[in-house]
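Spelled out from the first residue to the last, the chains are:
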Amino acid sequence: MTQRKYRVIQWATGVVGQAALKHFIENPVIDLVGVAVTNPDKLGKDAGDLVGLPPTGVIATDNVEALVALDADCVFFAGLVKDLDLFERLLRSGKNIVSPAGPFFPTDRYKADFDRLEAACAAGGTSFHGCGVHPGFSGDILPLTLTRLMNRVDLIEVTEVIDKIRNPMVYTEMMGFGRDPEELLANPSRSAEAPYAFEGSMRMVVEGLGKSIERLTTRLEVATAIQDIPYSLGIGLPDTGVVKQGTVAGQHFEWTAWADGKPLIVYHFYWVMGEHVTPQWLTGPSCYKVAIHGDPPLEVHLMGGIGEDGERPFLGLPWTGLVGATAVPAVCDAAPGIVTHLDLGIVQPKGLVR
Ligand SMILES: NC(=O)c1ccc[n+]([C@@H]2O[C@H](COP(=O)([O-])OP(=O)(O)OC[C@H]3O[C@@H](n4cnc5c(N)ncnc54)[C@H](OP(=O)(O)O)[C@@H]3O)[C@@H](O)[C@H]2O)c1
């Protein structure tokens, strides 16, 4: 059987972008045709160099005009924040977009964004798909799929657990670790917009179960460091920061969607800086957990396999790249417009078995 090939541009090569880029280079059904970077150290480098693979002949560039003019089927946009002006240009130029930068699943709050994207899709005959691990998988496709194993659903809890010492990330400082606990509770570092960025995922599950969200409530509690905790901002990087004893070393965000006067889906995010914190909410590796209370109760833990160091890495960022990258052929083949998980149905990834 001859397999159609999909020409892809990788836009931005941070942690998520690199996972997608590596996949595009290695997947035989994908032709990598462009790579967009902003980092001057990456400019002019071969795409293969950026992810530790042999040369591809595709050179990283910051020339937006040249990239927009390229003949490509799809752009995987993994920049820091969504760029609607750029998205419109790319969609109108005939390129589909898959993006973990959002917007994700249409809600009233993001209607204006989706209206703009829908119009650009119509003009270009293209599609836009918002992707990610959470939002995008652990709190939506996964629990909704798991409900097929239930007789009755009372409550769904989705928990993200990240130990930011074992899995260092750039987000540590901006998320408020090391701040005064009272001050952080009064004025959290995580954006007040964050629950609404996940509201689409909650809606997908709640509406998928035939209910609607009456209200969304949020709660935050913090844990503190019992000793000074040194940390780095990336895997393999030296420690450059210290969370001082008594300051914020753990955050538990709890967001609840209510239906019929009761909680129906709760998202928990436990972000902790290792074990020298109090209280110790959870132990075990960083992971996603889905617990469905009802008949019969069900629990699934989604975590990385054991690595050479004997640890289970947190794969949330690479998964965010891969869950989008593996949807690229289906998004390119979809009818023009906003393409959600519900439109895609069960995605059949291409080129994975090789
Ligand atoms: N839905 C989810 O589950 C989920 C999970 C994690 C992340 N995300 C989203 O995925 C995206 C990428 O996350 P990440 O963890 O890979 O971030 P990251 O490691 O910080 O990488 C972001 C990359 O964006 C590029 N960049 C920097 N400044 C930029 C600018 N002003 N305009 C455009 N691009 C710029 C840089 O690419 P170059 O180095 O190539 O110049 C940078 O490496 C973010 O939008 C994030 O919110 C979604």
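Look up a bit, the structure's there.
Residues numbered from 1 in each chain as written. Predicted model: local features only at pLDDT ≥ 70, side-chain atom pairs only at ≥ 80, totals over all residues. Heavy atoms only, no water.

### Focus on the sheet that holds strand E14 (residues 287-295)
Consideration 1: Overall, mixed pairing links the seven strands, which are arranged E13-E8-E11-E12-E7-E14-E15 in an open sheet. The sheet terminates laterally at strand E13 (277-278) and strand E15 (298-302), the two strands that pair on one side only. (Pairing = 2+ DSSP bridges. Helix = DSSP H or I, 4+ residues; strand = E, 2+ residues; numbered from the N terminus.)

### Concerning the layout of surface pockets
Consideration 1: Here the second largest pocket defines a volume of roughly 560 Å³.
Consideration 2: Phe137, Ile141, His341, Gly345 and Val347 are, among the 21 residues lining the second largest pocket, the residues nearest its centre.
Consideration 3: Secondary structure elements with two or more residues in the lining of the second largest pocket: helix H6 (141-146), helix H10 (316-325) and helix H12 (341-344).
Consideration 4: Broken down by class, the residue content of the lining of the second largest pocket amounts to 15 nonpolar, five polar and one charged. (1 Å grid on protein atoms, 1.4 Å probe; cavity = no way out; pocket = protein on both sides within 12 Å on 5 of 7 lines; lining within 4 Å. Points joined across faces, edges and corners; volume = space filled by probe spheres on them. Nonpolar A, V, L, I, M, F, W, Y, C, P; charged D, E, K, R; others polar.)

### A look at the environment of Val98
Consideration 1: Tracing the chain through its elements places Val98 in strand E5 (residues 96-99).
Consideration 2: Judged by its relative accessible area of 0%, Val98 falls in the buried class.
Consideration 3: Between the C-alpha atom of Val98 and that of Gln10, which follows or precedes it by 88 residues, the distance is 10.0 Å.
Consideration 4: Beyond its immediate stretch of four places on either side in the chain, Val98 contacts Cys74, Val75, Phe76, Phe77, His129, Cys131, Gly324, Val328 and Val331. (Buried < 20%, exposed > 50% of the residue type's maximum accessible area, 1.4 Å probe, protein only. Contact = heavy atoms within 4.5 Å.)

### Topic: the packing of aromatic side chains
Consideration 1: Under the counting rule described, the total for this entry stands at 14 aromatic pairs.
Consideration 2: The interplanar angle of 80° and the centroid separation of 6.4 Å between the aromatic rings of Phe269 and Trp271 together place this pair among those described as edge-to-face. Comparing Phe269 with Trp271, the two get one shared label, buried.
Consideration 3: The rings of Phe198, Phe253, Trp255, Tyr267, Phe269 and Trp271 are connected pair by pair, giving a single aromatic cluster.
Consideration 4: Seen from the ring of Tyr196, Arg109 lies directly overhead, with NZ or CZ sitting 3.7 Å from the centre.
Consideration 5: Over the face of the ring belonging to Trp271 we find Lys164, whose NZ or CZ atom lies 4.8 Å from the ring centre. (Phe/Tyr/Trp six-rings, centres within 6.5 Å; stacked < 30°, edge-to-face > 60°. Lys NZ or Arg CZ within 6 Å of the ring centre and 35° of its normal.)

### Notes on the side chain of Asp73
Consideration 1: Topologically, Asp73 is positioned in the loop between helix H3 (64-69) and strand E4 (74-77).
Consideration 2: Judged by its relative accessible area of 10%, Asp73 is buried.
Consideration 3: Contacts of Asp73, omitting those with residues within four sequence positions, involve Arg4, Lys5, Tyr6, Arg7, Gly94, Lys95, Asn96 and Cys332.

### Quick look at the pattern of salt bridges
Consideration 1: Tallied over the full model, the rule gives 22 salt bridges.
Consideration 2: Between Arg354 and Glu26 there is a salt bridge, with its nearest N and O atoms 3.8 Å apart. Remark: Glu26 occurs in helix H1 (residues 15-26) and Arg354 occurs in the segment after H12; sequence separation between them is 328 residues.
Consideration 3: One salt bridge connects Glu207 with Arg203, and the closest N-O pair in it is separated by 2.8 Å. Remark: Arg203 and Glu207 occur in helix H9 (residues 194-208); sequence separation between them is four residues, near one turn of the helix. (Salt bridge = Lys/Arg side-chain N within 4 Å of Asp/Glu carboxyl O.)

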